[in-house]
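# Structural overview for review
The chain contents come next:
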Amino acid sequence: MAWFKKDRPTGGDSGKKPKFQEGLWLKCNHCREIIYRKEVERNAKVCPKCEYHFPISVEDRIDLLLDLGTFREWDAELAAADPLHFKDTKRYRDRLLDAQQRTGKKDALITGEGRINGARVVLGVFHFGFMGGSMGSVVGEKVILAADRALRERVPLVLVITSGGARMQEGILSLMQMARTAAAIGRLAEACIPYIAILTDPTFGGVTASFAMLGDVILAEPKALIGFAGPRVIEQTIRQQLPQEFQRAEFLLEHGIIDLIVPRKRLKETLSSIIAFF
Amino acid sequence: MREYLDFEKPLAELEEKLDKLSAAATSRTGAQEDLTKLRARLHQLQTEIYAGLTPWQRTQVARHLQRPSTLDYIGRICDNFVELHGDRAFADDHAIVGGLARMNGRPIVVIGHQKGKTLKERMHRNFGMPNPEGYRKALRLMRLADKFRKPVVTFIDTPGAYPGIGAEERGQAEAIARNLMEMATLKTPIVSVVIGEGGSGGALAIGVADRLLMMQNSVYSVISPEGCAAILWNDAGKAPEAAEALKMTARDLQDLGILDEIIPEPMGGAHRDPMFACDAVKKSIEIHLTALQELPLETLLQQRYDKYRRIGVLAT
């Protein structure tokens, strides 16, 4: 059981090293620097060293984007069933219960309406902490219901996305959510209702390959990992090391796949002027 | 040369015996009788094995190297076929084929994944795993169908969209997403047939349809059993368990309300009698296209939307 020993110099100097107190310091996911947690929090959860944007909670995201107190949640009661009676090392039913208890949410997407600098929008925000933000029947249904309302009331749709992709535990039903959500976005497009996708770290798989890539405008947060296949799958397939900044937002921008990278602190203002254009 | 799957080993022995016996049949009295008996036993054994196929075994049949491919089906069921190439932007993807065809005189645009049979062919076809330009070629052909109001028939047979650096650079996710959206509103009937392996988003990207049909031994899933086992069981060796859990057979999809029809295969799988399989596929496509082409466009599109709108199960 020498998990950490080999990295430490021998000679008993471990006592002199600064101890990272749980909660006080944290390690940046991107530059690996040790940073002061309070400083990160004051900085809209952005690393002061490398500008990496840490994931933020759904509540913080809503506060960041919408005018204070204007958010009204819809369809909060929608919850997943277990149509496949799926069981791997654990039952899907138990995984769901676990995630619901841990997050206080019914599933991985929160939807509702609110105002951005006075302008009405339909807003959806993904919660990565709920089974990796994965899309099953509930997420699919909520995207469609949000799009339907945006269409009915002729209000722009804004989705803040982070997801590992389709939820395997719902099998083919989760795959079909890709088609359903894309069809709903197609209806919005035909009715000329603007839809803005904001991609945050990380966004992958069946979510990227459906509504996430269908925005009239696609924004991303700096350094967010965004792709179709996960880096591990690609590495195993091609048996090569991947380029350093592969699948980062900057890489996607360079390849013409997204419209713009917007730092978190300027997101509301940018979003507001985009919405005003339509 | 027949290729046998693991669970077909008893059949292999019996068939070998049968071949030997029929070669020597004329030189011995009573041989005819033995032959008849042996054939009956073979048939019985085959029926038993195929009646009880597990989802994992069915996956292997769906992936069988000799299984009829998209081009086999097109060659057999279409009166003629003019293949069209390329996405007019980057390249011609050999993992997706498509073009203009006639089936019983009816003009159709036909598109499908192409896997290939020999190793050389399979490499040329990238094992049926398309890059973005493959999906964009498919979309170009579907728009052509839309413009000239010709129905679209697609054949699905892929392990999935190719996970490569170039694919990501050129927007694999965008290519798939765009197809899903455009197929949902394409102003012409679409019939999709899963002929082998329906691998995730890479399959769905040419599979949003008014009618979804599956061959009896085909599979369709959100992730391969191996991939699912590696992630959820942490052990790719648990693929048989994953195949079971994912509910990926034609029967499963029918139970889940996603499928419109299961097309029967000959005993032992489509590769045992490709003509039988092709004719069954042709008959089904004919019936569905005829019905769909009678619908007013608005009804067709509304029914397509409603069909997808209903999919999914929520807690009550």
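Residues numbered from 1 in each chain as written. Chains lettered and ligands numbered in written order. Predicted model: local features only at pLDDT ≥ 70, side-chain atom pairs only at ≥ 80, totals over all residues. Heavy atoms only, no water.

## Considerations on the overall build of chain A
- Within chain A, the regular secondary structure consists of nine helices and nine strands.
- In terms of overall dimensions, chain A has C-alpha extents of about 70 × 45 × 40 Å along its principal axes.
- With the model as given, the accessible surface of chain A reaches about 13100 Å², and the carbon-plus-sulfur share is 50%.
- Separation between the mean location of the 40 positive side-chain charges and that of the 34 negative ones in chain A comes to 6 Å. (Helix = DSSP H or I, 4+ residues; strand = E, 2+ residues; numbered from the N terminus. Areas by Shrake-Rupley, 256 points an atom, 1.4 Å probe, with all protein chains shown as cover. Lys, Arg positive; Asp, Glu negative; His and termini not counted. Charge placed at Lys NZ, Arg CZ, Asp CG, Glu CD.)

## Regarding the packing of aromatic side chains
- As enumerated under the stated definition, the model contains seven aromatic pairs over all chains in all.
- Lying across the ring of A:Trp74, A:Arg149 places its NZ or CZ 4.1 Å from the centre.
- The ring centre of B:Tyr305 lies 3.7 Å from the NZ or CZ of A:Arg187, which sits over that ring. (Phe/Tyr/Trp six-rings, centres within 6.5 Å; stacked < 30°, edge-to-face > 60°. Lys NZ or Arg CZ within 6 Å of the ring centre and 35° of its normal.)

## Observations concerning the domain arrangement of chain A
Residue and element names in this part refer to chain A.
- According to the domain assignment, chain A contains domain 1 (23–50) and domain 2 (55–277).
- Look at where the C-alpha atoms of domain 1 and domain 2 centre, and you get two points 24 Å apart.
- Taken together, the contact between domain 1 and domain 2 spans seven residues of the former and eight residues of the latter.
- Together, the buried faces of domain 1 and domain 2 total about 620 Å²; carbon and sulfur atoms form 50% of this surface.
- By the criterion of area lost to domain 2, the three top residues of domain 1 are His30, Ala44 and Lys45, representing 66% of everything that side buries.
- Among the salt bridges present, the one from Asp60 reaches Lys45, with a minimum N-O distance of 3.9 Å.
- Where domain 1 meets domain 2, there are five residue pairs in polar contact (both at pLDDT 80 or more).
- In terms of residue class, the side of domain 1 that touches domain 2 is made up of three nonpolar, three polar and one charged. (Domains from an automatic or database assignment. Contact = heavy atoms within 4.5 Å. Buried area = accessible area lost by both parts, 1.4 Å probe. Salt bridge = Lys/Arg side-chain N within 4 Å of Asp/Glu carboxyl O. Polar contact = N/O pair within 3.5 Å; in protein donor to acceptor, adjacent residues only side chain to side chain. Nonpolar A, V, L, I, M, F, W, Y, C, P; charged D, E, K, R; others polar.)

## A closer look at the sheet that holds strand β3 (residues 72–74) of chain A
Residues and elements named next belong to chain A.
- Spatially, β3-β4-β5-β6-β7-β8-β9 is the arrangement adopted by the seven strands of the open sheet, whose pairing is mixed. Either end of the sheet is taken by a strand with one partner, and the two such strands are β3 and β9 (260–261).
- As defined by bridge partners, strand β6 (residues 157–163) adjoins strand β7 (residues 195–203) across six bridges and the pair is classed as parallel. Paired with Val160 across the two strands is Ile198, which belongs to β7. (Pairing = 2+ DSSP bridges.)

## Quick word on the nonpolar core
- If you look at the biggest cluster of nonpolar residues, it comprises 119 residues, and the most contacted ones within it are A:Leu157, A:Ile161, A:Tyr195, A:Leu199, A:Phe211 and B:Tyr220.
- When residues in this core are grouped by element, the largest group, 11 residues, is from helix α5 (residues 171–190) of chain A.
- Here A:Tyr195 is in contact with A:Leu157, A:Leu159, A:Ile161, A:Ile185, A:Leu188, A:Phe211, A:Ala212, A:Leu214, A:Gly215, A:Asp216 and A:Val217, once residues within four sequence places are set aside.
- In this structure, B:Val191, B:Leu213, B:Cys278 and B:Leu292 belong to the second largest nonpolar core, which totals 25 residues. (Core = buried A, V, L, I, M, F, W, Y, C linked by side-chain atoms within 4.5 Å. Buried < 20%, exposed > 50% of the residue type's maximum accessible area, 1.4 Å probe, protein only.)

## Digging into helix α4 (residues 137–153) of chain A
- In this model, α4(A) (17 residues) spans 24 Å end to end at C-alpha, consistent with the 24 Å of a helix rising 1.5 Å per residue.
- The set of residues buried in α4(A) consists of A:Ser137, A:Val138, A:Val139, A:Gly140, A:Glu141, A:Lys142, A:Val143, A:Ile144, A:Ala146, A:Ala147 and A:Ala150.
- On its buried side, α4(A) packs onto β3, β4 (109–116), β5 (119–126), β6 and α5 of chain A together with α14 (297–309) of chain B.
- Taken from the residues just after α4(A), A:Arg154 is the one with a positive phi, measuring 50°. (Expected span 1.5 Å × (residues − 1).)

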